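Breakdown of the fold
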Amino acid sequence: MVAAIATDSAESALFLRFASSTNVDDILLEQLEADIARLAVEYVSKPVPDLIHEISCLRRSVFDLLQGRQHPQQTIQLYLAAGRLSGLATHIALDLGHYAVAATHARTSWLCAEHAGHNGLRAWVRSVQSLIAYWQLDYAQAAGLARAGMPYSDGGTIGARLLSLEARACAAIGDQAGTLRAIESAAEARTSSAVADLPGVFTFPEAKQWAYAGTALLALDSPRWVPQAIGASHLAIALYQAAPVADQSSGDLLAAHLDLANAHLASRDTDGAQEALNVVMQAGPERLTASIAKRLQALNSSLASRPFARSPALLSLRKNVQEACSRPALTTSPEPST
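Read on for an overview of the structure.

Rules and cut-offs
Residues numbered from 1 in each chain as written. Predicted model: local features only at pLDDT ≥ 70, side-chain atom pairs only at ≥ 80, totals over all residues. Heavy atoms only, no water. Patch = residues over 30% accessible without salt bridge, like charges linked within 9 Å, V, L, I, M, F, W, Y side chains within 5 Å. Areas by Shrake-Rupley, 256 points an atom, 1.4 Å probe, with all protein chains shown as cover. Salt bridge = Lys/Arg side-chain N within 4 Å of Asp/Glu carboxyl O. Lys, Arg positive; Asp, Glu negative; His and termini not counted. Charge placed at Lys NZ, Arg CZ, Asp CG, Glu CD. Helix = DSSP H or I, 4+ residues; strand = E, 2+ residues; numbered from the N terminus. Expected span 1.5 Å × (residues − 1). Buried < 20%, exposed > 50% of the residue type's maximum accessible area, 1.4 Å probe, protein only. Phe/Tyr/Trp six-rings, centres within 6.5 Å; stacked < 30°, edge-to-face > 60°. Lys NZ or Arg CZ within 6 Å of the ring centre and 35° of its normal. Core = buried A, V, L, I, M, F, W, Y, C linked by side-chain atoms within 4.5 Å. Contact = heavy atoms within 4.5 Å. Axes fitted to C-alpha atoms, helices over the stretch in contact; angles between N-to-C directions. Parallel < 35°, antiparallel > 145°, perpendicular 65-115°, else oblique. Left-handed = near helix turned anticlockwise from the far one by under 90°. Nonpolar A, V, L, I, M, F, W, Y, C, P; charged D, E, K, R; others polar.

On to a negative patch on the surface. Among the surface-exposed residues, Asp 25, Asp 26, Glu 30 and Glu 33 lie close enough to one another that they form a single negatively charged patch. Summarising the element assignment, Glu 33 is placed in helix α2 (residues 26-45).

Before going further, it helps to examine helix α14 (residues 290-304). Since the α-helix advances by 3.6 residues per turn, residues separated by three or four positions end up pointing in the same direction. Under the 1.5 Å per step criterion, the end-to-end length of α14 is 22 Å for 15 residues, consistent within 8% with the ideal 21 Å. All buried positions along α14 are accounted for by Ala 290, Ser 291, Ile 292, Arg 295, Leu 296, Leu 299, Asn 300, Ser 302 and Leu 303.

The full count for this structure, using the stated rule, is 5 aromatic pairs. A centroid spacing of 4.6 Å and a plane angle of 50° characterise the contact between Trp 124 and Phe 202, whose relative ring orientation is tilted. Within this pair, whereas Trp 124 is found in helix α6 (residues 119-135), its partner Phe 202 is found in the loop between α9 (176-192) and α10 (206-219), the two being separated by 78 residues in sequence. Note on Trp 124: relative accessible area 3%, which makes it buried. Judged by centre distance (5.6 Å) and plane angle (80°), the rings of Phe 204 and Tyr 212 are edge-to-face. For the residue pair Phe 204 and Tyr 212, the accessibility class agrees, reading buried in each case. Linked through ring pairs, Tyr 134, Trp 135 and Tyr 139 together constitute an aromatic cluster. Looking at Arg 126, its charged tip hangs above the ring of Trp 110, at a distance of 3.6 Å from the centre.

This next bit is on the pattern of salt bridges. By the definition in use, this model includes 9 salt bridges. For the salt bridge of Arg 38 with Glu 42, the shortest nitrogen-to-oxygen distance reads 3.4 Å. Of this pair, Arg 38 and Glu 42 both sit in helix α2, 4 residues apart, roughly one helical turn. Residue class for Arg 38 comes out partly exposed when judged on its relative accessible area of 30%. With relative accessibility at 17%, the residue Glu 42 sits in the buried group.

In this section: the environment of Leu 51. Of note, Leu 51 is situated in the loop between α2 and α3 (52-66). Separated by 37 residues in the primary sequence, Leu 51 and Leu 88 have C-alpha atoms spaced 9.6 Å apart.

Here helix α8 (residues 158-172) is 15 residues long and its end C-alpha atoms lie 21 Å apart, about the 21 Å a rise of 1.5 Å per residue gives. With 14 of 15 residues buried, α8 is to be regarded as a mostly interior element. Among the residues trailing α8, Gly 174 stands out with phi positive, at a value near 80°.

A separate point is the nonpolar core. Of all hydrophobic cores here, the largest spans 38 residues; its most connected members are Leu 277 and Leu 299. Listed by contribution, the elements that provide at least two residues to this core are α8, α10, α11 (226-242), α12 (250-266), α13 (270-281), α14 and α15 (312-326). At 9 residues, α12 tops the list of elements feeding residues into this core. Apart from the residues within four sequence positions on either side, Leu 299 is in contact with Leu 258, Ala 261, Asn 262, Leu 265, Leu 277 and Val 321. Residues Val 48, Leu 88, Leu 121 and Val 128 belong to the second largest nonpolar core, which totals 36 residues.

Interaxial distance between α11 and α12 falls to 9 Å at its minimum, and their mutual angle equals 155°. It follows that α11 is roughly antiparallel to α12 by the angle criterion. Between α11 and α12 lies a crossing of left-handed hand. From α11, Val 226, Ile 230, Ser 233, His 234, Ile 237, Tyr 240 and Gln 241 reach across to α12, where they touch Asp 252, Leu 253, Ala 256, His 257, Asp 259, Leu 260, Ala 263, His 264 and Ala 266. Per-class residue counts for the contact of α11 with α12 are 9 nonpolar, 5 polar and 2 charged.

Once that is clear, we can look at unusual backbone geometry. The phi dihedral of Leu 137 falls on the positive side, at around 70°, and the residue is not glycine. Residue position: Leu 137 is located in the loop between α6 and α7 (139-149). The class for Leu 137 is exposed, based on a relative accessible area of 56%. A positive phi angle, close to 55°, is found at Asp 221, a residue other than glycine.

Nothing here speaks to function; it is geometry throughout.
See below:
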């Protein structure tokens, strides 16, 4: 009996050492969180190519850590870090126009959010999946994914983001009632948000919300909503320009200017359209993401079908748009690895 008790005690001691072992510590986890927050902020204003390598290396190192041993709470924190880094990788692929790659990263991010039990990340991943579907022209799925994220929206600006995405997708399929309802609900969601978001690309600034509203109102393709679309885009631009440089999203600014160009065209204001387009013309190729390239192509097609397409002013404008379409863009970058 004494020998059995001694053996049992030795087994407990062995398990104690095993259970106490970990390949991470609080300092490392704190540094990971700081690095992710910094990269999320830099993603807003820095060119995508400048961030690809660091995001990829940091994500790989977190994956490696997860294959080791940690305390359960540390594992949860690592899964949250891996999910956020996979979310950043999703955005990179999305901005480069590699939608299949973006979808793979998004699924990985979702799985990490599930393992971490983190509703905020679950909701954010659904918002990015909605973006992927939108740019693949599957607007019904984009709206559905935005709605699917709402049950996980438990604070911060994610509710406003999901509703704004839903509004834009509804407008693309001609659902006016759904569009206006979602825009109004997004405004209400912002006023009721109290929880602080992770910074940068993980938050949804008011300027971006107005940019989405402008896109949605313009997509309703009705003269009734053109003035409101112009007002929303102008407000988005003004808010971005008044923000600190680090918070000025070049992609959203270019998108808002392209929406303005389209809205002025709908009002037959070629001068206003040209003024808005000039900002896009001055942007470097590292700022011309896949979504901006698609918007330029759509504007080019729209100009060809205008009832006053043969007017000198419109011909000059179309020449500028064609020039912008032919310039090198970020989408010509090599496809990132998964």
